[in-house]
Amino acid sequence: MSTEDRPPAPRSLAEELRARGDASLGALLRSRPDLITPVPTDLTQLATRAGTRASVVRALERLDRFALQTAEALAVAADPAAYGELLGLMAGDDADPAVVAALPHALDGLRAQALVWGDDDRLRLVRTARELLAPSPQHPSPTGLGPTVQEATAGMSPGRIQEIVTAAGLASTHDSVSAVTALAGLFTDRGRMAALLADAPADSLDVLERLVWGPPYGQVTADPAPRLRWLLDRGLLLPTAPGTVVLPREVALHLRRGLAHRTPEPVPPVVETAAVHRPQVVDSAAAGQAYTALATVEELLKDWDEGGPAVLRAGGLSVRDLKRTAVALDVPEPAAAFWVELAYAAGLIASDGEADERYAATPAYDEWLELPAAERWSLLVTAWLAATRTAGLVGGRDAKDRTLSALGPGLDRSAAPEVRHRVLALLAGLPEGAAPAAGSVLARLRWERPLRGDRREDDLRGRLAEWALSEAEQLGVTGRGALSAQGRALVGAPAAPTPGPEAEPAGPGDKLPVHHHHRTTPLAPLSPAEQAVASAAAARLLAPLLPEPLDHVLLQADLTAVAPGPLRRPLADMLGVLADVESKGGATVYRFTPGSVRRALDAGQAASDLHAFLATHSRTPVPQPLAYLIDDVARRHGHLRVGAASAYVRCDDDAVLSEILADKRAAGLGLRRLAPTVLAAQADPAGLLDGLRSMGFAPAAESAEGDVLITRALAHRTPPRTAPEPVPDGPPVPDDTLLAAALRAIRAGDLASTTPRKPGAAPAANGELPRTGAAETLATMQAAVLTGEALWIGYVNAEGAASQRVVAPIRVEGGFVTAYDHTADEVRTYPLHRITGVAELADEAG
């Protein structure tokens, strides 16, 4: 393309955005969704918003290390800078080929993010980004560079500047500006600088060596040592304040051989492998963990089924209740916090909302229990992927030094879902069966989202990644540290090439030939609809690997039953009521006690039902001691009846009622005899049942009709609750529909604001709407109907939102104007009283 054919260089970011196509603008709005919240009126407002401090900080924090290094180099380059200058700062005098190859892509990424604009011969970093990244005494540059010679000598006397120029071997000049220019020219001339430093004392060179990579500031006394005096005399060190000197930027760049950074990182670190296993071993191990995860969540919910721990006044579980839960689940407290938070994120537990507020299972838990095992697992891991609540923070402190509790406030970290997905995506990039070295995963994540100022103590993303690796293993997304087939499907990753049979003996530190260049497109997070499809696919892969539920147990003479594997749901539920779990593991041992048998009878089972149940589901004969236990408890069960009066007790044997009345333990129940076989009580039926059972009786509740009341054991439920919504990390990424509407509105507003007006038309400075009187507006509209000309109008809708539009009036009647709206590309009708003013367009615009 010739110089004459080349489009003019943009003079501002707004002009650069105006020259972009919809695809490029759409990519910008997707990567920086805060720019369309709310939708800007035109491209000038979009450019202004893209330069605000909050938006720029957010965009910089999402750059990878090399892109950030590129932006930092532009901040210490001239403004504007040519591409050659930027390349020199990034690749150095030796022109590192990896940097040379990667820099165009990094620069294109900064342009796409609207952080850099301009052609290659006039590259500009947006002003706010330059202010954030440029060196200053208060905010040192990540490059370690100091101010330029011109900046450092800004307050220096002309006489002192001339002394420095002369000592450096330069000719004295007539003014300070040309002297500073000559000094800067010396420092940027490689040959002359080499000759100057060749005469420097060795200890003076040592001083420069200590300052060259930053920080560039040093302290001096009023009478500097000779090694410092030599440097100060020649301007190689310049005073910035009393007792402080700085290494000028040009000198540092010469000593660094042109590099803005000590170690440019154009290529991301490779994710190394700690071990390689056969994919079948990984999938089996992950399936075992998935089954354990389901059993753990079920056990947690059974433990809380009658009403779980109380809710703290500030929200969440107390430390004591978390410890009790950990003991009940036989896991460490951090693991217990994870399972509690996971059940909460999946909507399986919530607060019951009562006056004495407690946690309990939700109705969704009963629906979850009815699903096949693989689908239950799918629901848990889908909730885990999207959850912003972070169990790893439990036990830590918030900004006000308050302890963070499980299920309490302050646990949301909006970066958590993105980090989990990215960790799994990195694992998906390895061959099947490859388990990564955790350190290399963290190094890769730090390259993709480097810490501002390298604040290692505040490495939240690193901690989130470590927790993600641990939690993925607990959930069965990974097995033996490697991503399982169901885990790969969960994140929508294609099947990876297997490393081959010879890879099995691979050990720690081995690297696999996996390409992780930053030009490759990373595995993108899935939309909710895509995630639902991926989760269903993961469940289908997991289902054949889970153990098949059994329909039998082994009864033993010592009043125990052994379940040699997972039990089918009806059998497990009934056995959980009839017996108490004594031990868990590969086989679960249940123990029958008088209390457990009475619990089954309270749930509406008859002795004959229990005998038939055990005979049907036992592979061994029903032991005689167990049959005797059931008959003995059933013989006494229901001898007393409790109902509502407030409450009453009735019994055909009046001697039993006399015994209850004479018992001192019954004093608190407020009993009195109404009839030989009936006692009335002040206590409610539930309290009366509990009181009589504590006295050694076995009463049964009855309905108003006198029938034995069948109640579900362990059935306390909260009202219907929705799972907690994840806290978004800023505005959500717009979908295609919203993006198309936003682009259309921005283009329309930009057309209206940039269309040329006729000379003398009402001005619209800074985006103000045109203003004309009602009579002039009506007359101009009517004239435009006759001539067919387009007009520029200001319009305020019913919600009070103002906009500028270019319209071609078709008809004016009844207080309304019907016109073809060029900005919206459709015919619309506007009330005249909502039009603020009208102006004619220039002839070339029409």
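Anything mentioned here points back to the structure above.
First, a word on scope: everything that follows refers to the structure included in this document. (Residues numbered from 1 in each chain as written. Predicted model: local features only at pLDDT ≥ 70, side-chain atom pairs only at ≥ 80, totals over all residues. Heavy atoms only, no water.)

1. What about the overall build of the protein chain?
Next, step 1: When helices and strands are tallied, the protein chain shows 33 helices and 25 strands.
Next, step 2: Looking at the 846 residues of the protein chain, the share that counts as buried comes to 47%.
Next, step 3: In the protein chain, the share of contacts with a sequence separation of at least 24, taken over all contacts with a separation of at least 6, comes to 67%.
Next, step 4: When the accessible surface of the protein chain is totalled, it reaches about 40100 Å², and 55% of it is carbon and sulfur. (Helix = DSSP H or I, 4+ residues; strand = E, 2+ residues; numbered from the N terminus. Buried < 20%, exposed > 50% of the residue type's maximum accessible area, 1.4 Å probe, protein only. Contact = heavy atoms within 4.5 Å. Areas by Shrake-Rupley, 256 points an atom, 1.4 Å probe, with all protein chains shown as cover.)

2. Remarks on the pairing of strand β25 (residues 835-840)
Next, step 1: Most of β25 is tucked away: 5 of the 6 residues are buried.
Next, step 2: The pairing of strand β21 (residues 791-796) with β25 spans 5 bridges and is antiparallel. Residue Trp792 lies in a different strand from β25, and its bridge partner there is Ala839. (Pairing = 2+ DSSP bridges.)

3. Focus: the packing of helix α5 (residues 65-76) against helix α7 (residues 97-112)
Next, step 1: In the contact formed by α5 and α7, the axes pass within 9 Å of each other and the chain directions differ by 80°. On the basis of their axis angle, the class for α5 and α7 is roughly perpendicular. Taken together, the residues of α7 that come into contact with α5 (itself represented by Phe66, Ala67, Thr70, Ala71 and Leu74) are Val99, Ala102, Leu103, Ala106, Leu107 and Leu110.
Next, step 2: When grouped by side-chain class, the residues that make up the contact of α5 with α7 number 10 nonpolar, 1 polar and no charged. (Axes fitted to C-alpha atoms, helices over the stretch in contact; angles between N-to-C directions. Parallel < 35°, antiparallel > 145°, perpendicular 65-115°, else oblique. Nonpolar A, V, L, I, M, F, W, Y, C, P; charged D, E, K, R; others polar.)

4. What about empty space enclosed by the protein?
Next, step 1: Within the structure shown, the criterion is met by 4 cavities of 30 Å³ or more.
Next, step 2: Volume-wise, the largest cavity comes out at about 90 Å³.
Next, step 3: Along the walls of the largest cavity sit Phe338, Glu341, Leu342, Ala345, Trp384, Ala387, Arg389, Thr390, Ala391, Arg420 and Glu471, which together make up its complete lining.
Next, step 4: With 4 residues, the top contributor of residues to the lining of the largest cavity is helix α18 (residues 333-345). (1 Å grid on protein atoms, 1.4 Å probe; cavity = no way out; pocket = protein on both sides within 12 Å on 5 of 7 lines; lining within 4 Å. Points joined across faces, edges and corners; volume = space filled by probe spheres on them.)

5. Notes on the pattern of salt bridges
Next, step 1: Taken as a whole and assessed by the stated rule, the structure comprises 33 salt bridges.
Next, step 2: Measuring nitrogen to oxygen at the nearest pair gives 3.2 Å for the salt bridge that ties Asp94 to Arg257. Note that Asp94 is positioned in the loop between α6 (83-91) and α7 and Arg257 in the loop between α15 (249-255) and β6 (273-276), a separation of 163 residues in sequence.
Next, step 3: For Asp94, a relative accessible area of 59% translates into the label exposed.
Next, step 4: Among the residues examined, Arg257 registers a relative accessible area of 45% and is labelled partly exposed.
Next, step 5: The closest approach of N and O atoms between Arg249 and Glu151, which form a salt bridge, is 3.7 Å. Linking Arg249 in helix α15 with Glu151 in helix α9 (residues 149-152), this pair joins segments that are 98 residues apart in sequence.
Next, step 6: Arg249 sits in the buried class, given a relative accessible area of 6%.
Next, step 7: Judged by relative accessible area, Glu151 falls into the partly exposed class, the value being 48%.
Next, step 8: Several salt bridges share partner residues, and in doing so they unite Arg160, Glu163, Arg229 and Asp233 into one network. (Salt bridge = Lys/Arg side-chain N within 4 Å of Asp/Glu carboxyl O.)

6. Some remarks on helix α2 (residues 22-31)
Next, step 1: Taken together, the buried positions of α2 are occupied by Leu25, Gly26, Leu28 and Leu29. Looking straight down α2, one finds its buried side chains confined to an arc of 160°; they lie on one side. (Arc of directions from axis to C-beta.)

7. A word on the sheet that holds strand β13 (residues 560-563)
Next, step 1: Strands sit in the order β12-β13-β15-β14 across an open sheet of 4 strands; the sheet is antiparallel. Each having just a single partner strand, β12 (554-556) and β14 (580-583) make up the two edges of the open sheet. When strand polarity is set aside, the average angle formed by the axes of neighbouring strands in this sheet is 30°.

8. Notes on the sheet that holds β21
Whenever strands of a sheet pair, they do so through backbone hydrogen bonds, lying parallel or antiparallel.
Next, step 1: Taken in spatial order, the 5 strands make up an open sheet running β24-β23-β22-β21-β25, and their pairing is antiparallel. Taken across any chain shown, the strands that pair with only one partner, and hence form the sheet edges, are β24 (826-831) and β25. Neighbouring strand axes in the sheet, compared pairwise and without regard to direction, differ in orientation by 45° on average.
Next, step 2: Sheet topology note: the β21/strand β22 (residues 802-813) ladder contains 6 bridges and is antiparallel. Paired with Val796 across the two strands is Ala802, which belongs to β22.
Next, step 3: Relative to the sheet, helix α33 (residues 774-787) contacts β21, β22, β23 (816-821) and β25, its axis offset from that of β22 by approximately 65°.

9. Quick word on the packing of helix α10 (residues 158-167) against helix α11 (residues 176-187)
Next, step 1: Put simply, α10 and α11 touch, their axes get as near as 10 Å, and they point 35° apart. Seen from above, α10 lies across α11 with left-handed handedness. For the pair α10 and α11, the contacting residues are Pro158, Ile161, Gln162, Ile164 and Val165 in the first and Ser176, Ala179, Val180 and Leu183 in the second.
Next, step 2: A breakdown of the residues in the contact of α10 with α11 according to their chemical character gives 7 nonpolar, 2 polar and no charged. (Left-handed = near helix turned anticlockwise from the far one by under 90°.)

10. Topic: the pairing of β22
Next, step 1: Hairpin geometry of β21 and β22 is characterised by an intervening segment of 5 residues between the two adjacent antiparallel strands and by a positive phi of about 90° at Gly800.
Next, step 2: Here β22 runs beside β23; their pairing, made up of 6 bridges, is antiparallel. In the sheet register, Val807 faces β23, and the bridge partner there is Asp821.
Next, step 3: Hairpin geometry of β22 and β23 is characterised by an intervening segment of 2 residues between the two adjacent antiparallel strands and by a positive phi of about 60° at Gly814.

11. So, the nonpolar core
Nonpolar side chains tend to gather and get buried jointly when the protein is soluble and globular.
Next, step 1: In terms of nonpolar packing, the biggest core is built from 90 residues, with Phe187, Leu236 and Leu237 touching the most fellow members.
Next, step 2: The greatest single-element share of this core, amounting to 8 residues, is contributed by α5.
Next, step 3: Those residues in contact with Phe187, other than ones at most four positions away along the chain, are Val149, Met193, Leu196, Arg234, Gly235, Leu236, Glu250, Val251 and His254.
Next, step 4: Counting 72 residues, the second-largest nonpolar core is a separate cluster that includes Leu300, Ala346, Leu380 and Leu483. (Core = buried A, V, L, I, M, F, W, Y, C linked by side-chain atoms within 4.5 Å.)

12. Quick look at the packing of aromatic side chains
Next, step 1: Scanning the model with the defined rule gives 4 aromatic pairs in all.
Next, step 2: Measuring from centroid to centroid gives 5.0 Å for Phe338 and Trp339, while their planes differ by 55°, and the two rings are tilted.
Next, step 3: Across from the ring centre of Trp368, 5.4 Å away, lies the NZ or CZ of Arg376, which sits over that ring. (Phe/Tyr/Trp six-rings, centres within 6.5 Å; stacked < 30°, edge-to-face > 60°. Lys NZ or Arg CZ within 6 Å of the ring centre and 35° of its normal.)

13. A closer look at helix α29 (residues 624-636)
Residues that lie three or four places apart on an α-helix share one face, since the helix turns once every 3.6 residues.
Next, step 1: The end-to-end C-alpha separation of α29 is 19 Å, in line with the 18 Å expected for 13 residues at 1.5 Å each.
Next, step 2: Leu626, Ala627, Leu629, Ile630 and Val633 are the residues of α29 that are buried. Down the axis of α29, the smallest arc covering the buried residues is 160°, so these residues share one side. Seen from the open side of α29, the exposed residues pointing more than 90 degrees away from its buried face are Gln624, Tyr628 and Arg635.
Next, step 3: On its buried side, α29 packs onto β12, α27 (594-602) and α28 (607-617). (Expected span 1.5 Å × (residues − 1).)

14. Structural notes on the environment of Ala293
Next, step 1: For Ala293, the position within the fold is in helix α16 (residues 279-303).
Next, step 2: Each C-alpha atom, one on Ala293 and one on Trp377, is 8.0 Å from the other, the two residues being 84 residues apart in sequence.

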